[in-house]
Amino acid sequence: MAKQEDVFKTIVAHAKEYGFVFQSSEIYDGLSAVYDYGQNGVELKNNIKRYWWEAMTMLHDNIVGIDSAIFMHPTIWKASGHVDAFNDPLIDNRDSKKRYRADVLIEDEIAKIDDKINKEVAKAAKRFGESFDEAMFRQTNPRVKEHQEKRDALHERYSNAMNANDLAELKQIILDCEIADPISGTRNWTDVRQFNLMFKTEMGSTADGAMEVYLRPETAQGIFVNYLNVQKTGRMRLPFGIAQIGKAFRNEIVARQFIFRMREFEQMEMQFFVRPGEELKWFDFWRQTRLKWHKALGLGDQKYRFHDHEKLAHYANAATDIEFEMPFGFKEVEGIHSRTNFDLSQHEKFSGKKIQYFDPELNEGYVPYVIETSIGVDRMFLSVLCSAYEDQKLEGGDSRVVLHFPAALAPVKCCVMPLVKKDGLPEKAREIQHRLRFDFTCQYDEKDSIGKRYRRQDAIGTPYCITVDHQTLEDGTVTLRHRDTMEQQRVAAADLESLLRDSVSLNSLLKKLL
Ligand code: ATP
């Protein structure tokens, strides 16, 4: 097994052991691809959401928020295209009775060839050392060239089949590549079929029967159908944006990689309404603005990359993903899409209501164009968790597991600890904790040795530990221990608020965005 896979398994186990993420309904053997956030997870998640919300609504005069309902009129999903086209191509293996996404099977096959190429390149880089010219090697090495040609041909055939919605061709690619079911090992595949990802349920009951409704598969449509309400009541002038955080539901066929692909998840979406013709300028603006938001967290600039879409949805005229390097490779965390006026026009058509903006400068009315930024809270959580995790070897053969969360996102900001459980130290420590809890999430811990208590806080990523000892009673000073450096500093207890505030407050992050 690849080392990175081991690291990922360890992170998943750590997330459970320390109250970040639990399998949903675990005592009933779990519900696949559904997860619950524990006592530390919910704090981290809330901090991520707050960072996004405040960056959107507080730092921009022209962005406001809403909170729309999960249930919406079913015609909305007809208008948006989800009823007819929100599908994944699926294929079953007759022997294992397992169901797969045909596109994922083929993409995995392409990734395998990429791996082979990368291994050749890495081997050669090691052999040639500093003088290695990677671009030249890729162009000239016969083995790499052969793999590359095979990969490009497969990729082209796959893209064509996906673009043409040619399900028979997708199956043929799977057969031609001799892709076997990882469980049964056989190639006994059914035909490829389309599978709609929306969950359906029924609302109310009338004489004619109940109305079929959907759990929303994205939060965006709740924004589009409220465009007029917000524009009119907020007297908004273009360009302006509407932000929303909320749950979305997709009946994902293949749920993989922990909270990366879930059936119930949370999105943070912002739709930015602009004048037609100005959308690509704003697309570029949001592409840069969103990357800056990610990078301000300090998880490592090299861990991000853009993936511009070659294949655009029929309504889009530009699209890019911000990908983050997870332990299982670079993966989409956020999508930025220039959606033209497709959604608002569709709602105009299906609802029969005029959805237009009267532009006082141009003295004309039109349906605004839209730039969307759409990020998954859970994927963001996963990227923060994975990049924070370190199994650190310490001097003297000791080790510790530490989560280097950005301090502003850490679930607990500080923990106050009396050195011993006597001599009035617990009372003093409680007094300090009760003062600090008005400003920070602040814990109190008096159990076990001080070393063990530090380790417990390291494991949940608490940036500061405050130790109260006998000297505290004499001169009012405490020991402030820093999580990342493990450095200890003697400071006046009275100064704690001002010492901590700058580094743990969201403002420190938000100020980097201006
Ligand atoms: P993917 O290609 O990975 O399925 P997508 O392109 O369908 O993602 P979008 O519809 O653009 O995703 O959704 C916007 C964001 O919502 C994604 O960037 C991702 O962060 C999040 N997201 C989408 N599907 C899921 C899911 N099943 N579980 C968790 N997060 C998701």
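Residues numbered from 1 in each chain as written. Predicted model: local features only at pLDDT ≥ 70, side-chain atom pairs only at ≥ 80, totals over all residues. Heavy atoms only, no water.

(A) Quick look at helix H13 (residues 377-388). Helix length check: H13, at twelve residues, gives a terminal C-alpha distance of 16 Å against a target of 16 Å (1.5 Å per residue), a fit within 8%. With twelve of its twelve residues buried, H13 lies for the most part within the structure. Along H13, the positions that sit buried rather than exposed are Val 377, Asp 378, Arg 379, Met 380, Phe 381, Leu 382, Ser 383, Val 384, Leu 385, Cys 386, Ser 387 and Ala 388. (Helix = DSSP H or I, 4+ residues; strand = E, 2+ residues; numbered from the N terminus. Expected span 1.5 Å × (residues − 1). Buried < 20%, exposed > 50% of the residue type's maximum accessible area, 1.4 Å probe, protein only.)

(B) View of the state of the cysteines. Under the counting rule described, the total for this entry stands at zero disulfides. Between Cys 415, a free cysteine, and Cys 465, which holds the nearest cysteine sulfur, the sulfur-to-sulfur gap is 5.6 Å. Relative accessible area serves as the criterion here: at 0%, Cys 415 is assigned to the buried category. (Disulfide = S-S within 2.5 Å.)

(C) Structural detail: the sheet that holds strand E19 (residues 414-418). Reading across from one edge, E20-E19-E21-E22-E23 is the order of the five strands in this open sheet, with mixed pairing throughout. Only two strands of the sheet have a single partner each, and these edge strands are strand E20 (442-444) and strand E23 (488-492). Direction aside, neighbouring strands of the sheet carry axes that sit 25° apart on average. Bridge count for E19 against strand E21 (residues 464-468) is five bridges, and the pairing is parallel. Bridging across to E21, Cys 415 finds its partner in Cys 465. Each of E19, E20, E21 and strand E22 (477-482) is contacted by helix H14 (residues 425-436), which is oriented at about 165° to E19, the strand it contacts most. (Pairing = 2+ DSSP bridges. Axes fitted to C-alpha atoms, helices over the stretch in contact; angles between N-to-C directions. Contact = heavy atoms within 4.5 Å.)

(D) Structural detail: the domain arrangement of the chain. What the domain assignment lists for the chain is domain 1 (1-73 + 197-393), domain 2 (87-196) and domain 3 (402-513). Here the C-alpha centre of domain 3 lies 50 Å away from the C-alpha centre of domain 2. (Domains from an automatic or database assignment.)

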